[in-house]
Amino acid sequence: MSARYVKMLKAMLAGSVTSLEVFFLTLLFAIPLAMIIAMGRMSKNKPLSGATNLLLLVIRGTPLMLQLLVVYFGPGIFFNWLRSFGYEVNLRWERFPAAIVALSLNYACYFAEIYRGGIESIPKGQYEACKVLGYNRSQTFFLIVVPQVIKRIVPAMGNEVITLVKDTALVSVIGVAELLLVAKERQSALFSFTPLFIAGVFYFVMNALVSFGFHKLEKKLSYYR
């Protein structure tokens, strides 16, 4: 194997690690944040539910690529505006954290609607039964509702997580050196389709693993069949 192909494989391995970091960090932050957004969406407090609805409308109604650009470039524009009024602000916004923030917020909003659908699918009779049995609201939610919700939302969550694997490629728009960006750079340098093929295989294997994991989880939770 020639030295340039060895160099290509090393670069693509580094890009793969970056893609995996984006994937896992997005899930780490989006999953708990989604519950907070879902609670706000279902809140009886009108200003809170209204603000949450507006957030969901904006995030789900605009492209993820645009959100990445806004999150990365927006603070710089805002700080420059403050400097025009004499305020000294020297905060630098890095590419990788900006990508994680944008992806986490985007997926948290989609996960939140999945959570809400699962929670609202639980019959009200179960809440009444828990009240009769002496459960408080926290016990009812965490011991009775949440296990059923998890079982019901697994297929929808699986679809979103599979989409996330592919959406990690979008962070290249703000210059994060993830796998697809590295593959395109290597493809231009080598005049070969091989780097793009390797990138495609990586995404396929990642999605196959995610699909397999959710399939096993779905079977494990199908204890009434």
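So, a few notes on the structure that sits alongside this text. Note that the structure is predicted; figures quoted are calculated from it, not measured.

1. A short note on the overall build of the chain
A count of helices and strands for the chain gives eight helices and zero strands. For 225 residues, the compact-globule estimate of 2.2 N^0.38 gives 17 Å, and the chain exceeds it by more than 25% at 22 Å. Overall, the chain is about 70 × 60 × 25 Å in size when its C-alpha atoms are taken along their principal axes. A burial count over the chain gives 36% of its 225 residues as buried. A separation of at least 24 residues holds for 77% of the contacts in the chain among residues at least 6 apart in sequence. Here the chain contributes 23 positively and 11 negatively charged side chains, and the mean placements of these two sets differ by 5 Å.

2. Thoughts on empty space enclosed by the protein
Empty space left among the atoms is revealed by rolling a probe the size of a water molecule over them. Counted according to the given criterion, the structure contains one cavity of 30 Å³ or more. The computed volume of the largest cavity comes to approximately 30 Å³. Taken together, Ser-19, Leu-20, Phe-23, Val-165, Thr-168, Phe-202, Tyr-203 and Met-206 make up the full set of residues lining the largest cavity. Of all the elements in the fold, those that place two or more residues in the lining of the largest cavity are helix 1 (3-42) and helix 8 (194-221). Residue composition of the lining of the largest cavity, grouped by class: six nonpolar, two polar and no charged.

3. Some words on the nonpolar core
One finds Phe-23 and Phe-111 to be the most contacted residues of the largest nonpolar core, which totals 50 residues. Taken together, the elements giving at least two residues each to this core come down to helix 1, helix 2 (46-61), helix 3 (64-83), helix 4 (95-120), helix 6 (137-167), helix 7 (179-190) and helix 8. Apart from the residues lying within four places of it in its own chain, the contact partners of Phe-23 are Val-161, Leu-164, Val-165, Thr-168, Met-206 and Val-210.

4. A closer look at a nonpolar patch on the surface
A cluster of nonpolar side chains, contributed by Phe-193, Phe-197, Val-201, Phe-204, Val-205 and Leu-209, occupies part of the molecular surface with about 660 Å² of accessible area. Mapping Val-201 onto the fold places it in helix 8.

5. Notes on the packing of helix 2 against helix 4
Where helix 2 meets helix 4, the axes come as close as 9 Å, and the angle between the chain directions of the two elements is 115°. When the axes of helix 2 and helix 4 are compared, the crossing they make is left-handed. Residue-level inspection shows Leu-55, Leu-56, Ile-59 and Arg-60 of helix 2 in contact with helix 4, the latter providing Leu-105, Asn-106, Cys-109, Tyr-110 and Glu-113. Its residues assigned to classes, the contact of helix 2 with helix 4 shows six nonpolar, one polar and two charged.

6. Overview of helix 1
Helix length check: helix 1 (40 residues) gives 58 Å between terminal C-alpha atoms against 58 Å at 1.5 Å per residue, within 8%. Taken as a whole, helix 1 carries its principal kink of about 25° at Ala-30; the proline Pro-32 stands between one and four residues after it.

7. Description of the side chain of Asp-167
With respect to the helices and strands, Asp-167 occurs in helix 6. With no salt bridge to any partner, buried Asp-167 finds its closest opposite charge in Lys-166, at an N-O distance of 7.3 Å. Discounting residues that sit within four places of it in the chain, Asp-167 has contacts with Leu-64, Leu-103 and Tyr-107.

8. Describing the environment of Leu-64
Structurally, Leu-64 is set in helix 3. When the C-alpha atoms of Leu-64 and Glu-185 are compared, they prove to be 23 Å apart, with 121 residues separating the residues in sequence. With sequence-adjacent residues up to four places away left out, Leu-64 is seen in contact with Ala-102, Leu-103, Asn-106, Tyr-107, Asp-167 and Leu-170.

Rules behind the numbers
Residues numbered from 1 in each chain as written. Predicted model: local features only at pLDDT ≥ 70, side-chain atom pairs only at ≥ 80, totals over all residues. Heavy atoms only, no water. Helix = DSSP H or I, 4+ residues; strand = E, 2+ residues; numbered from the N terminus. Rg over C-alpha atoms; globule rule 2.2 N^0.38 Å. Buried < 20%, exposed > 50% of the residue type's maximum accessible area, 1.4 Å probe, protein only. Contact = heavy atoms within 4.5 Å. Lys, Arg positive; Asp, Glu negative; His and termini not counted. Charge placed at Lys NZ, Arg CZ, Asp CG, Glu CD. 1 Å grid on protein atoms, 1.4 Å probe; cavity = no way out; pocket = protein on both sides within 12 Å on 5 of 7 lines; lining within 4 Å. Points joined across faces, edges and corners; volume = space filled by probe spheres on them. Nonpolar A, V, L, I, M, F, W, Y, C, P; charged D, E, K, R; others polar. Core = buried A, V, L, I, M, F, W, Y, C linked by side-chain atoms within 4.5 Å. Patch = residues over 30% accessible without salt bridge, like charges linked within 9 Å, V, L, I, M, F, W, Y side chains within 5 Å. Areas by Shrake-Rupley, 256 points an atom, 1.4 Å probe, with all protein chains shown as cover. Salt bridge = Lys/Arg side-chain N within 4 Å of Asp/Glu carboxyl O. Axes fitted to C-alpha atoms, helices over the stretch in contact; angles between N-to-C directions. Left-handed = near helix turned anticlockwise from the far one by under 90°. Expected span 1.5 Å × (residues − 1). Bend = angle between axes of the 7 residues up to and from the residue.

Spatial relationships are all this shows, so hold off on functional conclusions.
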